[in-house]
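Architecture and fold: a report
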Amino acid sequence: MADAFTAAFKYYKQRVPPPSMDRVVDLRSGAVPEGAQVREQICAYDSHAWLNAPADWRVVEFSSPSGLIIVSNMLSAEGQRSLITSCLEDFLSPANVTNLTREHVDMESGGGLWKRVCVEGKEGPAMEVLQRVRWLTLGYHYDWDAKVYHPTRATPFPPLLHALSTSIAAALGFAFDAQTAIVNFYYPGSTLSGHTDHSEHDVHVPLLSLSAGLDAVLLVGGPTKDTPPLPVRLHSGDVVVLAGAARLSYHAVPRIIPNTLPSLDLPPLMAEYMASTRLNISVRQIGGVFSHTPLVAADSSDAAAAAA
C-alpha cells in the first residue's frame, strides 16, 4: 500500500479520470488552510519594479510545516514578463549548465537558442531543442550525481535576479544572499517528484520559489511520506518560501494545469510557447564555504566543464 504522500501524488498526476480540484487550496480565492494565517505586517525592503505593491499581496504563513510561506500575486505582470524573457533570452546561454549540456547541444549559434526559435518559428529544429530543456542552473552549479555544490564550478549570477530575491526575502523578514538558482521548465504532463531541500549548508535560510506561466498543483507534506500532504494551487506571480522544517518536509509538483497563462503582453511567439509552459525559478543561498555570490564567474571553464 502506498504511503499518504505517494498516494496523493499519483492521484493529482493521473490523467484518466482527471483528479478533482475540490480539495486543492487556492489562496487567491480567499481560502486559508487550517493552521495557517494571513500575515498583515510586511518588513522594510527595497522596492522593485518586478514586485506588486504589498497591498496587492496575500501572505499566508503556515504552522505545519513551519517555515512555509506562500505569497499570492507578489510578482507584477512586468516582473513575470521580465523573468520569462530572462529565462529564454539570457539564462539559456552556453555559460549556464542545462540538462542538455553533456550532450553538447548548440546553445550559442545564431545569437542563442531563443533567437534561433524566433528566426525558425515554432516548427523549426530550435523549438524542438527548447522543448527538451528541463532545467538550467545559475551561479554555483549543482552536481546532480554527487548531490553537492562545487565552489569552483560557477557562472555569473544575474544581478537583477539577485536584487529581486533580496527584496522578496527582506519583505518577509529574512536576510538573504542569492548564490545559486535552478530554473525548471514544466509542460502539461510534467511532474516533480517528492523530495526535500537539504543540500544547502543552513536549512534555516529560506529557499525562494518563483512561478511564471501555467498554474500548478503543489503538494506539501511532512518529514516523512506518511504525512498526508496539503495540495495548493500556485499561480503565475506567486512566490513560495521554504525555511527550516518546511525545507525538510516532502513537497512535489504532480500536475501542471493547462490553459491558465495570464495575460502578460508577451511577444506573440513567446506567448504561444508559454501557453503550454510553466517556469519555476528556485533561488538559494548555499552558505558554508560559499561565502560570496558569483556575480562574476568563479573560473574560466566552460559550461561543459562545470557540468562534468
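This write-up is about the structure you can find in this document. (Residues numbered from 1 in each chain as written. Predicted model: local features only at pLDDT ≥ 70, side-chain atom pairs only at ≥ 80, totals over all residues. Heavy atoms only, no water.)

Some remarks on the environment of Ser20
Mapping Ser20 onto the fold places it in the loop between α1 (4-13) and β1 (36-39). Leave out the neighbours within four places in its chain, and Ser20 touches Tyr11 and Tyr12. (Helix = DSSP H or I, 4+ residues; strand = E, 2+ residues; numbered from the N terminus. Contact = heavy atoms within 4.5 Å.)

Considerations on the nonpolar core
If you look at the biggest cluster of nonpolar residues, it comprises 53 residues, and the most contacted ones within it are Leu161, Ile168 and Phe185. Beyond its immediate sequence surroundings of up to four residues, Phe185 is in contact with Leu88, Leu92, Val133, Arg134, Trp135, Leu136, Tyr273, Arg278 and Leu279. Counting residues in hydrophobic clusters, the runner-up holds 20 residues, among them Val60, Val220, Ala246 and Val253. (Core = buried A, V, L, I, M, F, W, Y, C linked by side-chain atoms within 4.5 Å. Buried < 20%, exposed > 50% of the residue type's maximum accessible area, 1.4 Å probe, protein only.)

A closer look at the side chain of Asp238
Locating Asp238 in the fold gives a position in the loop between β11 (230-234) and β12 (239-242). Engagement of the side chain of Asp238 in a polar contact is seen with the backbone nitrogen of His235, the distance being 2.8 Å. Discounting chain neighbours no more than four positions away, the residues touching Asp238 are Arg28, Val71, Ser72, Asn73, Ser209, Leu210, Ser211 and Arg233. (Polar contact = N/O pair within 3.5 Å; in protein donor to acceptor, adjacent residues only side chain to side chain.)

Details of the state of the cysteines
By the definition in use, this model includes zero disulfides. For Cys87, which is in no disulfide, the shortest distance to another cysteine sulfur is to Cys118 and amounts to 15 Å. (Disulfide = S-S within 2.5 Å.)

Looking at the pattern of salt bridges
For the coordinates displayed, the defined rule picks out 10 salt bridges. The shortest N-O distance in the salt bridge between Asp238 and Arg28 comes to 2.6 Å. Here Asp238 is found in the loop between β11 and β12, whereas its partner Arg28 is found in the loop between α1 and β1, with 210 residues between them in sequence. We classify Asp238 as buried; its relative accessible area is 1%. Looking at Arg28, the relative accessible area reads 37%, which means it is partly exposed. The partner of Glu272 in a salt bridge is Lys122, with the nearest N and O atoms 2.7 Å apart. A residue pair is termed long-range when its members are at least 10 positions apart, and Glu272 in helix α6 (residues 268-274) and Lys122 in the loop between α3 (113-120) and α4 (125-130) qualify at 150 residues. (Salt bridge = Lys/Arg side-chain N within 4 Å of Asp/Glu carboxyl O.)

A word on helix α2 (residues 77-91)
For α2, with 15 residues, the first-to-last C-alpha span of 20 Å sits near the 21 Å given by 1.5 Å per residue. Along α2, the sharpest change in direction is near 25 degrees and occurs at Thr85. Restricting attention to buried positions, one finds in α2 the residues Gly79, Gln80, Ser82, Leu83, Ile84, Ser86, Cys87, Leu88 and Phe91. (Expected span 1.5 Å × (residues − 1). Bend = angle between axes of the 7 residues up to and from the residue.)

Quick look at the sheet that holds strand β13 (residues 251-257)
With antiparallel pairing, four strands are arranged side by side in an open sheet as β8-β13-β10-β11. Looking along the sheet, the strands with just one partner apiece sit at the ends: β8 (192-195) and β11. Each neighbouring strand pair of the sheet contributes to a mean axis angle of 25 degrees, computed without reference to strand direction. Pairing between strand β10 (residues 215-220) and β13: five bridges, direction antiparallel. Bridge pairing in β13 links Leu219 to Ala252. The strands touched by α1 within the sheet are β8, β10, β11 and β13, with β13 carrying the most contacts at an inclination of about 10 degrees. (Pairing = 2+ DSSP bridges. Axes fitted to C-alpha atoms, helices over the stretch in contact; angles between N-to-C directions.)

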